[in-house]
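Reading the structure
Each chain, letter by letter, is given below.
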Amino acid sequence: MEEEYDVIVLGTGLTECILSGIMSVKGKKVLHMDRNSYYGAESASITPLNDLYKHFKLPGEPPESMGRARDWNVDLIPKFLMANGQLVRMLLITQVTRYLEFKVVEGSYVYKGGKIYKVPSTETEALASSLMGMFEKRRFRKLLCFVAGFDENNPKTMEGVDPHKTTMRAIFEKFNLGQEVIDFTGHSLALYRTDEYLDQPCIQTINRIKLYSESLARYGKSPYLYPLYGLGELPQGFARLSAIYGGTYMLNKPIDEIVMENGKVVGVKSQGETARCKQLICDPSYFRDRAKKVGQVVRVICILNHPICNTSDVKSCQIIIPQNQVNRKHDIYVCMISDAHNVAAKDKYIAIVSTTVETNDPESEVKPALALLQPIEQKFVSISDLYAPTDMGKDSQVFISRSYDATTHFETTCDDIKDIYQRMTGVEFDFAEMERGKQDIFGDCAE
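Heads up: these notes are all about the structure in this document.

What counts and how
Residues numbered from 1 in each chain as written. Predicted model: local features only at pLDDT ≥ 70, side-chain atom pairs only at ≥ 80, totals over all residues. Heavy atoms only, no water. Helix = DSSP H or I, 4+ residues; strand = E, 2+ residues; numbered from the N terminus. Rg over C-alpha atoms; globule rule 2.2 N^0.38 Å. Buried < 20%, exposed > 50% of the residue type's maximum accessible area, 1.4 Å probe, protein only. Contact = heavy atoms within 4.5 Å. Areas by Shrake-Rupley, 256 points an atom, 1.4 Å probe, with all protein chains shown as cover. Lys, Arg positive; Asp, Glu negative; His and termini not counted. Charge placed at Lys NZ, Arg CZ, Asp CG, Glu CD. Pairing = 2+ DSSP bridges. Core = buried A, V, L, I, M, F, W, Y, C linked by side-chain atoms within 4.5 Å. Phe/Tyr/Trp six-rings, centres within 6.5 Å; stacked < 30°, edge-to-face > 60°. Lys NZ or Arg CZ within 6 Å of the ring centre and 35° of its normal. Salt bridge = Lys/Arg side-chain N within 4 Å of Asp/Glu carboxyl O. Axes fitted to C-alpha atoms, helices over the stretch in contact; angles between N-to-C directions. Expected span 1.5 Å × (residues − 1). Parallel < 35°, antiparallel > 145°, perpendicular 65-115°, else oblique. Left-handed = near helix turned anticlockwise from the far one by under 90°. Nonpolar A, V, L, I, M, F, W, Y, C, P; charged D, E, K, R; others polar.

1. Digging into the overall build of the protein
A count of helices and strands for the protein gives 12 helices and 19 strands. For 447 residues, the compact-globule estimate of 2.2 N^0.38 gives 22 Å, and the protein sits close to it at 23 Å. The principal-axis extent of the C-alpha atoms belonging to the protein is close to 70 × 60 × 50 Å. The burial tally for the protein puts 56% of its 447 residues in the buried class. For the protein, the share of sequence-separated contacts (at least 6 apart) that also reach a separation of at least 24 residues comes to 72%. For the protein, the accessible surface area stands at approximately 19300 Å², while carbon and sulfur atoms represent 47% of it. Across the protein, the centroid of the 53 positively charged side chains sits 3 Å from that of the 59 negatively charged ones.

2. Here's the deal with the sheet that holds strand E9 (residues 224–227)
Taken together, the 3 strands give an open sheet; going across it, the order is E5-E9-E6, and neighbouring strands pair in antiparallel fashion. Only two strands of the sheet have a single neighbouring strand rather than two, namely strand E5 (81–82) and strand E6 (102–104). Pairing between E6 and E9: 3 bridges, direction antiparallel. Paired with Lys-103 across the strands is Tyr-226, a residue of E9.

3. Examining the nonpolar core
Soluble globular proteins tend to bury their nonpolar side chains together. The biggest cluster of nonpolar side chains holds 102 residues, and the ones touching the most others in it are Leu-87 and Phe-238. Leave out the neighbours within four places in its chain, and Leu-87 touches Leu-14, Ile-18, Leu-81, Leu-234, Phe-238, Phe-410, Glu-411 and Cys-414. With 25 residues, the next largest nonpolar core counts Val-300, Val-314, Cys-317 and Leu-370 among its residues.

4. Remarks on unusual backbone geometry
With an omega dihedral of -10°, the bond running from Thr-47 to Pro-48 counts as a cis peptide bond. Put simply, Gln-374 and Pro-375 share a cis peptide bond, and its omega is -10°. For Pro-375, the location among the structural elements is in the loop between helix H11 (367–373) and strand E18 (378–389). Non-glycine residue Gln-95 carries a positive phi angle of around 60°. Gln-95 gets classed as partly exposed once you look at its relative accessible area, which sits at 27%. If you check the backbone angles, Tyr-229 has positive phi at about 75° while not being a glycine. Note that Tyr-229 resides in the loop between E9 and helix H9 (233–244).

5. Let's talk about the packing of aromatic side chains
Tallying each qualifying case throughout the model produces 12 aromatic pairs. Relative to Tyr-197, the ring of Tyr-192 lies with its centre 4.4 Å away and its plane at 5°, an arrangement referred to as stacked. Members of the aromatic cluster, joined through ring pairs, are Phe-80, Tyr-212, Tyr-224 and Tyr-226. One Lys or Arg, Arg-35, reaches over the ring of Tyr-286 and ends 3.8 Å from the middle of that ring. Sitting over the face of the ring of Tyr-387, Arg-288 holds its NZ or CZ atom 4.1 Å from the ring centroid.

6. Quick look at the pattern of salt bridges
Evaluation of the coordinates by the stated rule reveals 20 salt bridges. When the shortest N-O distance is used, the salt bridge between Arg-139 and Glu-136 registers 3.3 Å. Highlighted residues: Arg-139 and Glu-136, both in helix H5 (residues 134–149), separated by 3 residues, approximately one helical turn. Glu-136 sits in the buried class, given a relative accessible area of 18%.

7. Overview of the side chain of Thr-185
If you trace the backbone, Thr-185 turns up in helix H7 (residues 179–189). Using a relative accessible area of 0% as the deciding quantity, one classes Thr-185 as buried. Once residues within four sequence positions are removed from consideration, Thr-185 is found in contact with Phe-140, Leu-143, Phe-172, Ala-190 and Ile-209.

8. Digging into the pairing of strand E15 (residues 317–321)
With 5 of 5 residues buried, E15 is to be regarded as a mostly interior element. Along E15, one buried face is formed by Cys-317, Ile-319 and Ile-321 and the opposite face, lined by Gln-318 and Ile-320, is buried too.

9. Some points on the sheet that holds strand E16 (residues 332–338)
If you trace the 7 strands from one edge of the open sheet to the other, you get E8-E7-E15-E16-E17-E14-E18, paired in mixed fashion. Of all the strands in the sheet, the pair left with one neighbour each is strand E8 (115–118) and E18. Strand after strand, the sheet turns through a mean of 25° between neighbouring axes, direction not considered.

10. Focus on H9
Taking 1.5 Å as the rise per residue, H9 with 12 residues should run 16 Å; its terminal C-alpha atoms sit 16 Å apart, in good agreement. Along H9, the residues classified as buried are Leu-234, Pro-235, Gly-237, Phe-238, Ala-239, Leu-241, Ser-242 and Ile-244. Those residues of H9 that are buried are in contact with helix H1 (14–25), E5, helix H3 (86–93), E6, E9 and strand E10 (248–250). Gly-246 sits one or two positions beyond H9 and adopts a positive phi of about 95°.

11. Description of the packing of H1 against helix H12 (residues 411–425)
Following both chains from N to C, one finds H1 and H12 inclined at 45°, their axes separated by 10 Å at the closest point. Taken together, H1 and H12 sit at an angle that is classed as oblique. Taken as a pair, H1 and H12 cross one another with a handedness that is right-handed. Of the residues in H12, those in contact with Thr-15, Ile-18, Leu-19, Ile-22 and Met-23 of H1 are Thr-413, Asp-416, Ile-417, Ile-420, Tyr-421, Met-424 and Thr-425. Of the residues in the contact of H1 with H12, the class split is 8 nonpolar, 3 polar and 1 charged.

The structure is reproduced here in structure tokens:
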């Protein structure tokens, strides 16, 4: 271990593993360490089920009704991949897809007036949907046609809209859309967690709706993908990429000290040895005094022996509860997966509820979501602090990732990866930088 590295990475969360993979592909000498005995850090999938009980400090063993403990891979952080999103692009370009298998999530649902409705995935479904009345549907369709045809470089497609000045509120007014359709569009399609976007330039929302539509167009049932055996497979896939390019991995390594000299990182001390480095990447838990708490997320993992009511018995889905429907400032999300994804025992389902904490009683904040899941066989509650770096790394060369937020996709995580990359290298992130050479299959079998 007592060597000089270009980059040392602490923590094997998804953000850290992707950056470690990118740096290795770019020819950097990388050492990657984690204090835990497993990959994934905060974004791990826990197996067997007994370990989940231990992780949440639940007494005793899982009951026999839960099936074989080894059949479970339970995500600590619930997220899906947007089929046309940035993470899928990263997976494809780096060919990490060869280590993973994905399934399309079967449906996306939205909560309205105490019931859940399918988010229409085709024009036929939209016309048949009881989410909105006939006239609303026509106006909504006009908005979708406008968004689909919108091109920043072609003024003819803009219909007098300035994408960087016109607010999204003004766009909704232009198409004469009511509050419920606004809620549905902003939260179920653009996937905003709050209503702050309404008074921001419309281009961001237009691009988000485009991403949703393009992701949906790829597979048809929903815009989301999920990896077999759980999200913990993602960091492991990128760790394997890093290892193929010469990256060194060490699990179960307690970090004694991050060594600084004149305000700049020079190495990491672990178990009496010091590895030297020019740059350091880590999650906030390794450098608390250079990160600040910016909020909290409550997550409730629920084990069910039935599909969720009113979802046509699908094996996987997402449910969005828009904040206006339950008098909140942030949406509540439900991600549901099952034995179909090799993450649960036969005929079992895992539904994970999450939202940004707003009160001193986080568990009661998710009651509307838990009510949709009854009866619940077992639940595991976690309240996690969210951290953001206070040191941007310019002088220290320490680059700290952000905690995983309450969104149910990886777009914000990918934005953080691109931001760290830019601060580390001084150049804007370019997906092409991640591309593996044709012959770069050192540790892989030639296909």
